[in-house]
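Structural description and commentary
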Amino acid sequence: NDYIDHVRDMLAAVGPRAHVVGVCQPGPPVLAACAVGGFAVAWVDGDNGRVMFRRLDGQRRPAGAAVIVHEGLEAPRAVTLVANGQGFGLAAALWQGVYFAQLDARGARVDDGEMVSEGDAVTALHDLRWERDTYTVAFTTTQNGQPARIERRIAVNPRARGPVG
């Protein structure tokens, strides 16, 4: 798969630093280590308004099919991913807002996801942290012409506590 080859090429540049949101080009794929071994990768398919997810084995080869996390998002530009020991949290920077979803160990959403910010232009997606029962997503928006760094806390959905596998 050409995209998986592209992901492998991009992994060296992926890290926990801020993902600057490009105007036309989606940000690079992001990688998270899994508690049960292997990795997960998430990326933006901006042409189709999708956020994608795929598990990788310990050698970073595809392990299972790619999963559409969400389809029809308005201008997704960057994504960040964190493993929580039982699944994943995923945040996506959109043209005007930030979308968040909790995923099971296979990458399927455990609920509908939610907009944690709407209406302001997002200029950077800094990070997504997981601490016990809460995710925190940090991003920068432009409000009244000025940049503003924002952090939003999101409680863990109890349905996200399924078995790891």
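Predicted, not measured: the structure shown is a model, and the values here were computed from it. (Residues numbered from 1 in each chain as written. Predicted model: local features only at pLDDT ≥ 70, side-chain atom pairs only at ≥ 80, totals over all residues. Heavy atoms only, no water.)

1. Let's talk about the sheet that holds strand β8 (residues 97–104)
Within the open sheet, the four strands sit side by side as β6-β7-β8-β9. Their pairing is antiparallel. One side of each edge strand has no neighbouring strand; the edge strands of this open sheet are β6 (78–83) and β9 (114–118). When strand polarity is set aside, the average angle formed by the axes of neighbouring strands in this sheet is 20°. (Pairing = 2+ DSSP bridges. Helix = DSSP H or I, 4+ residues; strand = E, 2+ residues; numbered from the N terminus. Axes fitted to C-alpha atoms, helices over the stretch in contact; angles between N-to-C directions.)

2. Points about the side chain of Asn84
Residue position: Asn84 is located in the loop between β6 and β7 (87–94). For Asn84, a relative accessible area of 8% puts it in the buried group. Side-chain polar atoms of Asn84 contact the backbone nitrogen of Gln86, separated by 2.7 Å. Only 2.6 Å separates the side chain of Asn84 from the side chain of Tyr135, close enough to count as a polar contact. Beyond its immediate chain neighbours, meaning those up to four positions away, Asn84 contacts Trp130 and Tyr135. (Buried < 20%, exposed > 50% of the residue type's maximum accessible area, 1.4 Å probe, protein only. Polar contact = N/O pair within 3.5 Å; in protein donor to acceptor, adjacent residues only side chain to side chain. Contact = heavy atoms within 4.5 Å.)

3. With respect to the packing of aromatic side chains
In the structure shown here, the tally under the stated rule is two aromatic pairs. Considering the side-chain rings of Phe100 and Tyr135, the 5.0 Å spacing of their centres and the 55° angle between planes classify their relative orientation as tilted. Of this pair, Phe100 sits in strand β8 while Tyr135 sits in strand β11 (residues 134–143), placing them 35 residues apart in sequence. Neither Phe100 nor Tyr135 differs from the other in exposure class; each is buried. (Phe/Tyr/Trp six-rings, centres within 6.5 Å; stacked < 30°, edge-to-face > 60°.)

4. With respect to the pattern of salt bridges
With the rule as written, the count across this model stands at seven salt bridges. Asp104 is the salt-bridge partner of Arg106, the closest N and O atoms lying 2.8 Å from each other. Close ionic contact of Glu151 with Arg149 constitutes a salt bridge, the shortest N to O distance being 3.5 Å. Connected through salt bridges with shared partners, the residues Asp127, Arg129, Glu131, Arg149 and Glu151 form a single ionic network. (Salt bridge = Lys/Arg side-chain N within 4 Å of Asp/Glu carboxyl O.)

5. Overview of the confidence of the model for the protein chain
Chain-level pLDDT for the protein chain is 77 on average; 77% of the residues reach the 70-or-more range. Within the protein chain, no element has a lower average pLDDT than strand β1 (residues 19–20), which sits at 38, and none a higher one than β8, at 92. When the criterion is pLDDT under 50, residues 161–165 qualifies, and its contacts beyond four places in sequence or with other chains add up to 13 contacts. (pLDDT = per-residue confidence, 0-100.)

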